[in-house]
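# Residue-level structure breakdown
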Amino acid sequence: MARTRIRQHVNPLSIKYTKPISLPDWNRIYINANNPLHLDIGCARGKFLIKMALLYPDINFLGIEIREALVVEANENCNHLQLPNLYFLFCNINTHIEDLLKSFHLGILNCVSIQFPDPWFKRSHQKRRVTQADLVCTISSNLSSNGHIFLQSDIQSITNEMKEEFMKNSSVYEHGENADLTSNYFTVLTEREASTLNKNKLVYRALLKSAHDHN
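Sequence positions are assigned chain by chain, starting from 1 and proceeding in written order. Per-residue local features of the predicted model are confined to residues with pLDDT of at least 70, and side-chain atom pairs are confined, for both listing and counting, to 80 or more; whole-chain, interface and lining totals are unaffected and use all residues. With hydrogens and water stripped out, all remaining heavy atoms of the structure feed into the side-chain values.

Under the scheme used here, helices are H or I runs from DSSP no shorter than 4 residues and strands are E runs no shorter than 2 residues, and both carry numbers assigned from the N terminus. Looking at the element boundaries, Asn146 is found in strand E5 (residues 143–153). With relative accessibility at 48%, the residue Asn146 sits in the partly exposed group. Considering only alpha carbons, one finds Asn146 and Asn110, 36 residues apart in sequence, at a separation of 7.0 Å. Contacts: residue pairs with any heavy atoms within 4.5 Å of one another. With residues up to four places along the chain from it excluded, the contact list for Asn146 reads Asn110 and Lys209. Counted as a polar contact is a pair of N or O atoms within 3.5 Å, where, for protein atoms, one must be capable of donating a hydrogen and the other of accepting one, and residues adjacent in sequence contribute only when both atoms are in side chains. Among the polar contacts listed, one links the side chain of Asn146 to the side chain of Asn110, at a separation of 3.2 Å. Throughout, exposure labels follow a simple rule: accessible area from a 1.4 Å probe, protein chains only, divided by the maximum for the residue type, with under 20% read as buried, over 50% as exposed, and the rest as partly exposed.

Let us look at the environment of Asn110. Within the element layout of this structure, Asn110 appears in strand E4 (residues 109–115). Taking the C-alpha atoms as reference, Asn110 lies 6.5 Å from His148; in sequence the two are 38 residues apart. When neighbours within four sequence positions are excluded, Asn110 is seen to be in contact with Pro36, Leu37, Leu143, Ser144, Asn146, Gly147 and His148.

As a further point, take the pairing of E4. Walk down a regular strand and you will see the side chains alternate between the two sheet faces. The buried fraction of E4 amounts to seven of the seven residues, a majority that puts the element mostly inside the structure. Note: two strands are recorded as paired if DSSP finds a minimum of 2 bridges between them. Bridging between strand E1 (residues 37–41) and E4 involves five bridges; their strand directions are parallel. Looking at E4, one finds that Ile41 is bridged to Ile114. Taken together, the six bridges between E4 and E5 define a ladder with parallel strand orientation. By the bridge assignment, Cys111 is partnered in E5 with His148.

All right, on to the nonpolar core then. Judged by nonpolar contacts, the single largest core of 31 residues is most densely connected at Leu39, Leu62, Leu100, Val112, Ile139, Ile149 and Phe166. When residues of this core are traced back to their parent elements, those giving at least two are E1, strand E2 (60–65), helix H4 (93–102), E4, helix H5 (133–142), E5 and helix H6 (156–169). For this core, the element with the highest residue contribution is H4, accounting for four residues. Among all residues touching Leu39, those that are not within four sequence positions of it are Leu62, Ile64, Ile97, Leu100, Leu109, Cys111, Val112 and Ser113. Here, nonpolar core refers to any group of buried Ala, Val, Leu, Ile, Met, Phe, Trp, Tyr and Cys residues whose side-chain atoms link them within 4.5 Å.

With a phi close to 55 degrees, Ala44 is a non-glycine residue in the positive phi region. Looking at the element boundaries, Ala44 is found in the loop between E1 and helix H2 (47–55).

Take the pairing of E5 next. Across the eleven residues that make up E5, a large majority, nine, are buried. As judged from the six bridges shared by E5 and strand E7 (residues 204–210), these two strands associate in the antiparallel manner. Within E7, the position partnered with Ser153 by the bridge is Tyr204.

Locating Ile97 in the fold gives a position in helix H4. Looking at Ile97, the relative accessible area reads 3%, which means it is buried. For Ile97, the contacting residues outside a window of four places in its chain are Leu39, Leu135, Thr138 and Ile139.

Turning next to the pattern of salt bridges. One side-chain nitrogen of Lys or Arg within 4 Å of one carboxyl oxygen of Asp or Glu is enough to make a salt bridge. All told, the structure shown has seven salt bridges when counted by the stated rule. With a closest N to O distance of 3.9 Å, Asp25 and Arg28 form a salt bridge. Arg28 gets classed as exposed once you look at its relative accessible area, which sits at 74%. A salt bridge links Asp154 to Arg192; the shortest N-O distance between them is 2.9 Å. Residue Asp154 is located in the loop between E5 and H6, and its partner Arg192 is located in helix H7 (residues 191–198); the two are separated by 38 residues in the primary sequence. Under the relative-accessibility criterion, Asp154 is labelled partly exposed at 22%.

Pasting the structure below:
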């Protein structure tokens, strides 16, 4: 299947990405909608999640991507492989995170990954970064008691800022000796991660754990 040509960056604050979205019936999407949920924010073409879904059939995977053409391509590939535990959703996660998580049972969110997000280096553009305070707080309040958050970037300051935002705005803590990872927490690399490592460049990672439960 031909790769979809895409823009590298889109402005998440434009009106196009603030409109309401229609959420699917998750019971029609997943073979078991009560399975633990892994939310991957900024999933791009979805190849990481496709490999993860094949490896972990008892976990539901949901990829979020703001570039609609990539979501269409990813869902076509998912349907071709007939994966009953994987779905891709076009949305601006900062606008729609509350409605999205309300559509699932509380405590089902077991893992959130944010990998190589757009850095938006200019100070005037930093409000476009994905790890805004509202997003972080909403994720924290919906994370399962044994849930975790995995962050990585090839830019050290971006990983540090994401980690700090979670630490100051949510009920999470650095996971002991694995807080700053020298290797990937998962068994699967993203395309960007593999490309970065192949160039002998560093990837900066952090693993955070939930500090609360839903009892």
